[in-house]
Amino acid sequence: MFHIARRGLIRLLVLLAMLQAGCLAESDPVEVVGECGPRDLTPECCLKKNPGQWERCTGSSEVARAVEEMEAAEAIGRSPSVALKVTAGAMAGMMGVQAVRIGSAERRGVELAADLLKKVEKAIVRCVRQADQQVNDYHFNGKSPSWELCQQIKVGDRTTWAAYLGLFKHEQAWPCLLEALDKLLPWKNYRLYPRFYVNPRTGEWEHMTENQMSQIVSQEGWSGLKGTIEPDIILLDENGFIVHVYDLKFPCPESNNARWETYGEREQWEGWSQGDLYKKALQVTPRLVSPRQGVVPKEREK
């Protein structure tokens, strides 16, 4: 049974709040570790300044109830669901390096060598499979949840086991991805979970910096991020242009094939496939990665 880092739990619950708010796609109960630094307008820092006020900081009463359940579990000696090792220091160390640029193939420079790209993709798949196995080990003794369980509600009134496990497995993969990619690439050549938006002045897609995101969240709340996209991994050339895009999928149950979601009604990109939107926005064909299928062949990414 693994131990959960409290700051990691905060990020997970914030993600659940964002999921329930339609943006996706813990006084002593929980303490935020470390200084807020450059993300000091995010929900994590709201919670640091307003301990325990989850509904105020995330806009989600369901997440507030989830926190109460988690605290009750801790009080009787049970550990929360999943371990994370993301630290504030790791996040702060990744600020302000090379800008992320979007450009056509003609504008991009030299891509990763084929042998290096193969190693990178192998490392990504290894981390995805490891995260999937660790979470399944904890919840289901290593088995995959059934289709029926995947459809059941896990948190609040709307969050199914499928959505809950998907978020936790994404977060569980983070430290592994960070360590593996750091060994293979300079940090300037990759990003984890970057966010992109349409610049209202130019109509062009651009990378959203941490400062931009913090300002939007402070002024408009997490709903201000609607219409943005957040692929899981991007690889960059030496000039900062995006050359490869990957999105992690954790199908529930595992027998399902990984697939791109379609944006639903009342969403800005209604009717668009997530993969098609990523391709249009980032000018690179994105690839799916799942525990069972690895990096999914392009012809099967439907």
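Small disclaimer: the values here were computed from a predicted structure and weren't measured. (Residues numbered from 1 in each chain as written. Predicted model: local features only at pLDDT ≥ 70, side-chain atom pairs only at ≥ 80, totals over all residues. Heavy atoms only, no water.)

1. Concerning the packing of aromatic side chains
Item 1. Under the defined criterion, the tally for this structure stands at seven aromatic pairs.
Item 2. Ring centres of W161 and Y164 lie 5.6 Å apart, and the angle between their planes is 80 degrees; this geometry places the pair in the edge-to-face category. One end of the pair is W161 and the other is Y164, both in helix α8 (residues 161-184) and three residues apart, which spans about a single turn. In terms of burial, W161 and Y164 fall into one category: buried.
Item 3. With centroids separated by 5.8 Å and ring planes inclined at 75 degrees, the aromatic side chains of W260 and Y278 adopt a geometry described as edge-to-face. On the criterion of sequence distance, the pair formed by W260 in the loop between β7 (242-248) and α10 (274-282) and Y278 in helix α10 is long-range, its members being 18 residues apart.
Item 4. Owing to a relative accessible area of 3%, Y278 belongs among the buried residues under this scheme.
Item 5. Each residue in the set F140, W161, Y164 and F168 is aromatic and connected to the rest through ring pairs, giving one cluster. (Phe/Tyr/Trp six-rings, centres within 6.5 Å; stacked < 30°, edge-to-face > 60°. Helix = DSSP H or I, 4+ residues; strand = E, 2+ residues; numbered from the N terminus. Buried < 20%, exposed > 50% of the residue type's maximum accessible area, 1.4 Å probe, protein only.)

2. Examining the side chain of S273
Item 1. Within the secondary structure layout, S273 lies in the loop between β7 and α10.
Item 2. Residue classification places S273 among the buried positions, given a relative accessible area of 18%.
Item 3. Of the polar contacts made by the side chain of S273, one reaches the backbone nitrogen of G275; its length is 3.2 Å.
Item 4. Leaving out residues up to four positions away in the same chain, S273 has contacts with W260, E261, T262 and Y263. (Polar contact = N/O pair within 3.5 Å; in protein donor to acceptor, adjacent residues only side chain to side chain. Contact = heavy atoms within 4.5 Å.)

3. Some words on the packing of helix α6 (residues 114-140) against α8
Item 1. At a minimum axis separation of 8 Å, α6 and α8 run at an interaxial angle of 140 degrees. The angle between α6 and α8 falls in the class oblique. Crossing of α6 against α8: the hand is right-handed.
Item 2. Residues that form the contact of α6 with α8 fall into these classes: 18 nonpolar, five polar and four charged. (Axes fitted to C-alpha atoms, helices over the stretch in contact; angles between N-to-C directions. Parallel < 35°, antiparallel > 145°, perpendicular 65-115°, else oblique. Left-handed = near helix turned anticlockwise from the far one by under 90°. Nonpolar A, V, L, I, M, F, W, Y, C, P; charged D, E, K, R; others polar.)

4. Brief notes about the state of the cysteines
Item 1. Within this structure, the stated rule accounts for two disulfides.
Item 2. One disulfide bridge connects C127 with C176, the sulfur atoms lying 2.1 Å from each other. Every disulfide takes its handedness from the sign of the S-S torsion; for C127 and C176 that torsion is -75 degrees, giving left-handed. One end of the pair, C127, is in helix α6; the other, C176, is in helix α8, with 49 residues separating them in the sequence.
Item 3. According to the relative accessible area criterion, C127 is buried, its value standing at 1%.
Item 4. Note on C176: relative accessible area 9%, which makes it buried.
Item 5. Disulfide pairing is shown between C150 and C252; the S-S distance is 1.9 Å. One disulfide, between C150 and C252, carries an S-S torsion of -80 degrees and so falls in the left-handed class. Within this pair, whereas C150 is found in helix α7 (residues 147-151), its partner C252 is found in the loop between β7 and α10, the two being separated by 102 residues in sequence. Judged on exposure class, the residue C150 and its partner C252 are both buried. (Disulfide = S-S within 2.5 Å.)

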